[in-house]
Amino acid sequence: MNGPLWMSIAFVGCMLIGVPIPWAAGVATVIGLHIIDIPFALLSQTAYNAFESFPLMTIPLFVLAGKLMEKGGMSEHLIHIARKMVGSLRGGTSLVTIVSCGLFASLTGSGPATTAAIGSITIPAMVDEGYPKKFASGISASSGALGSIIPPSNLLIIYALIAEESVPKLFLAGLVPGFMVILFLILTSTTVCRVSGFGGRVDGDFSFAPLLRALWEGKWAIGAPLIILGGIYSGVFTPTEASAVAVFYGLFVGTVIYRKLTVGHVIESLKFTTTMVGTVLVILGSTKAFGQLVAFYDIPLAVQAFFTGFTDNPFLVLMMISFLYILAGMWMESIPQVVIFTAVLLPVVKSMGVDPIFFGVLTVLTCEVGFLTPPIGVNLFVSSRIAGISLEESSVGVLPFVIPYLATITILCAMPWLTTGMVDMFFK
């Protein structure tokens, strides 16, 4: 029997009838194990091995730290800093949203969490200033996706676990692509505001003095990423230890410095973290076993032959893979997408000389586009709910802001050294 064919039919068929992806992957895995005559215990053993990985602890801790920092008042200070940075430009509040999301992304590793934390403040402000709701929703959703590429990123951590790569290297590699997306989003937002005739300035002429005052007032907020990433790259602590430091820092600043973090907020943050991490573990357990079975069937070799049948040019292959990721991201959540496709495609690109660190960043970057595309666009659900509009309207509003991500993906595929250059310099 053709194992890969029946696994594919089972996986796609389950998704078409509405079965959640983790269970669809589990059903496909059981079928594949039966055909190849491997004991079903492999499913539970693989899940257990995935759960006992020590770096996996960084995900719940970073999620908790980000939620504590949000509830503790750091997001308001980051928005104030962003306003003094770009509020004097055309489309000021939309640019404040972009920069604020970029800053908040360095506190949490989640795109939807970044969208919710910043969008809940800036979307009502944009609507009050006369921005169309669909534009406000679109810019918030697209900016919130930065939470998955700017370190610390949960998706980069998951890729590191699957690919057995260095978390610090992946974090460092995500910086330049993150800044590129921010720049392209700013250019796109300014252009749309100017052409459409909405979005005035929200601040006076730019001056360094107000910015410096805002930075000083928000020093505890901007100190978080400096301590977290600085500690990792100085060798003071590992990424897992850094996540624990981030939780303590969020508790300290929220309760002692800003005094906005209450017991109720802490309980809410713990509940949010439990729900988020429970979802991650369910997805990771079944999809990791599915990915391992993919290797047993030598599916990567078949995929490699498929791509090389068209071209052996690494740039074109990477662009085809990016298109595949974006298409799959319209129907799959990001975590199973990273786990399954990394198992299939990483051996393919490594055989072509592509750096696995670069491929990890490319994988997460293309998954970010999935955050912005219906019907499984998580960021769109969050931003449309805040804006009080339908998912369809939000999908229209986000279209111009998909272009910055596509442009960044194309540039990085053509010049991978933009991603790996800092890594090669730092980790000589």
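Residues numbered from 1 in each chain as written. Predicted model: local features only at pLDDT ≥ 70, side-chain atom pairs only at ≥ 80, totals over all residues. Heavy atoms only, no water.

As recorded by an unreviewed UniProt entry, the protein chain carries the name Trap c4-dicarboxylate transport system permease dctm subunit and is attributed to Desulfoluna butyratoxydans. Per UniProt, the comment on the protein chain under Subcellular location (unreviewed entry) is "Cell inner membrane". (UniProt positions renumbered as here; feature names shortened; annotations may be inferred.)

> Just checking my understanding: could you explain the overall build of the protein chain for this structure?
Secondary structure assignment for the protein chain yields 23 helices and zero strands. Its C-alpha atoms give the protein chain a radius of gyration of 21 Å, near enough to 22 Å, the size a compact globule of 428 residues would have. With the principal axes as the frame, the protein chain shows a C-alpha extent of 70 × 45 × 45 Å. The burial tally for the protein chain puts 55% of its 428 residues in the buried class. Expressed as a percentage of contacts within the protein chain between residues at least 6 apart in sequence, the contacts between residues at least 24 apart total 79%. Taken together, the 19 basic and 21 acidic charged side chains of the protein chain have centroids lying 12 Å from each other. (Helix = DSSP H or I, 4+ residues; strand = E, 2+ residues; numbered from the N terminus. Rg over C-alpha atoms; globule rule 2.2 N^0.38 Å. Buried < 20%, exposed > 50% of the residue type's maximum accessible area, 1.4 Å probe, protein only. Contact = heavy atoms within 4.5 Å. Lys, Arg positive; Asp, Glu negative; His and termini not counted. Charge placed at Lys NZ, Arg CZ, Asp CG, Glu CD.)

> Sorry if this is basic, but what is going on with the nonpolar core here?
Grouped burial of nonpolar side chains is what soluble globular proteins tend to show. In this structure, Leu146, Ile158, Phe171, Leu345, Phe359 and Tyr405 are the most contacted members of the largest nonpolar core, which totals 133 residues. The biggest single contributor to this core is helix H18 (residues 334-351), with ten residues. If sequence neighbours within four positions are ignored, Leu345 has contacts with Val303, Phe307, Ile321, Leu324, Tyr325 and Phe359. (Core = buried A, V, L, I, M, F, W, Y, C linked by side-chain atoms within 4.5 Å.)

> Sorry, what's going on with the pattern of salt bridges here?
When charged atoms on two side chains of opposite charge get close, those side chains can pair. Within the structure shown, the criterion is met by two salt bridges. Across the pair Lys67 and Glu70 runs a salt bridge, and its minimum N-O distance is 3.5 Å. One end of the pair, Lys67, and the other, Glu70, are both in helix H4 (residues 58-71), three residues apart, so they sit about a helical turn from each other. Pair check on accessibility: Lys67 and Glu70 agree, each one buried. Across the pair Glu268 and Lys71 runs a salt bridge whose closest N-O atoms are separated by 3.1 Å. Of the two residues, Glu268 sits in helix H15 (residues 263-296) while Lys71 sits in helix H4, which places them 197 residues apart along the sequence. (Salt bridge = Lys/Arg side-chain N within 4 Å of Asp/Glu carboxyl O.)

> Help me understand the packing of helix H1 (residues 3-16) against helix H2 (residues 21-36) in this model?
When two helices pack together, their arrangement is captured by the angle between the axes and the distance separating the axes. Running from amino to carboxyl end, H1 crosses H2 at an angle of 155°, the nearest separation of the two axes being 8 Å. As judged from the angle between their axes, H1 and H2 are roughly antiparallel. Viewed along their axes, H1 and H2 form a crossing whose handedness is right-handed. Contacts between H1 and H2 involve Gly3, Trp6, Met7, Ala10, Phe11, Cys14 and Met15 from the former and Ile21, Ala24, Ala25, Val27, Ala28, Ile31, Gly32 and Ile35 from the latter. (Axes fitted to C-alpha atoms, helices over the stretch in contact; angles between N-to-C directions. Parallel < 35°, antiparallel > 145°, perpendicular 65-115°, else oblique. Left-handed = near helix turned anticlockwise from the far one by under 90°.)

> What am I meant to see in the packing of aromatic side chains here?
How two aromatic rings sit relative to each other is given by the distance of their centres and the angle of their planes. One pass over the full model with this rule turns up 14 aromatic pairs. Their ring planes at 65° and their centres at 5.5 Å tell us that Phe135 and Phe401 sit as a pair that is edge-to-face. Placement of the pair is Phe135 in helix H8 (residues 133-144) and Phe401 in the loop between helix H21 (391-398) and helix H22 (403-414), with a sequence separation of 266 residues. With relative accessibility at 6%, the residue Phe135 sits in the buried group. Residue Phe401 is classed as buried on the basis of its relative accessible area of 0%. (Phe/Tyr/Trp six-rings, centres within 6.5 Å; stacked < 30°, edge-to-face > 60°.)

> I'm lost on the packing of H4 against H15 in this one. Help?
The contact between H4 and H15 brings their axes to 9 Å, and the two run at 145°. Judged by the twist between their axes, the crossing of H4 over H15 is right-handed. Residue-level contacts link Pro60, Val63, Leu64, Lys67, Leu68 and Lys71 of H4 to His265, Val266, Glu268, Ser269, Leu270, Phe272, Thr273, Met276 and Val277 of H15. In terms of residue class, the contact of H4 with H15 is made up of nine nonpolar, three polar and three charged. (Nonpolar A, V, L, I, M, F, W, Y, C, P; charged D, E, K, R; others polar.)

> When you look at the side chain of Asn154 in this model, what are you seeing that I'm missing?
Along the polypeptide, Asn154 turns up in helix H9 (residues 154-163). A relative accessible area of 9% means that Asn154 is categorised as buried. Residues contacting Asn154, with those up to four places away along its chain left out, are Ile59, Phe62, Val63, Gly109 and Ser110.

> I tried to follow H2 on my own but got confused; where do I start?
Residue pairs spaced three or four apart in an α-helix point in one direction, given the helix's 3.6 residues per turn. With 16 residues, H2 extends 22 Å from end C-alpha to end C-alpha; this agrees with the ideal 22 Å at 1.5 Å per step. Of all the positions in H2, only Ile21, Pro22, Ala24, Ala25, Gly26, Ala28, Thr29, Gly32 and Leu33 are classed as buried. Each element contacted by the buried residues of H2 is listed here: H1, helix H3 (41-51), H15 and H18. Once H2 ends, the next one or two residues include Asp37, with phi positive near 60°. (Expected span 1.5 Å × (residues − 1).)

> I'm lost on the side chain of Gln337 in this one. Help?
One can find Gln337 in helix H18. When residues no more than four places from it in sequence are discounted, the contact partners of Gln337 are Tyr325, Ala328, Gly329, Met332, Thr342 and Cys367.

> Looking at this structure, I do not really get a nonpolar patch on the surface. What am I missing?
On the surface, Leu5, Trp6, Ile9, Val27 and Ile31 cluster together into a nonpolar patch covering about 420 Å² of accessible area. Of all the elements in the fold, those that place two or more residues in the nonpolar patch are H1 and H2. Considering every element that reaches the nonpolar patch, the biggest residue donor is H1, with three residues. Inspection of the secondary structure assignment puts Ile31 in helix H2. (Patch = residues over 30% accessible without salt bridge, like charges linked within 9 Å, V, L, I, M, F, W, Y side chains within 5 Å. Areas by Shrake-Rupley, 256 points an atom, 1.4 Å probe, with all protein chains shown as cover.)

> Please explain the confidence of the model for the protein chain as it appears in this structure.
When pLDDT is averaged along the protein chain, the result is 85; 99% of the residues meet or exceed 70. Element-level pLDDT for the protein chain is lowest in H3, with a mean of 74, against a maximum mean of 94 in H22. (pLDDT = per-residue confidence, 0-100.)

> Would you explain unusual backbone geometry in this entry?
As a rule of thumb, non-glycine residues mostly have phi less than zero, and peptide bonds are mostly trans rather than cis. Put simply, Pro151 and Pro152 share a cis peptide bond, and its omega is 0°. Looking at the secondary structure, you find Pro152 in the loop between H8 and H9. The residue Glu164 is not glycine, and still its phi comes out positive at about 55°. Its identity as a non-glycine residue notwithstanding, Arg259 has a phi of 55°, on the positive side. Note that Arg259 resides in the loop between helix H14 (239-257) and H15. You can call Arg259 exposed: its relative accessible area is 68%.

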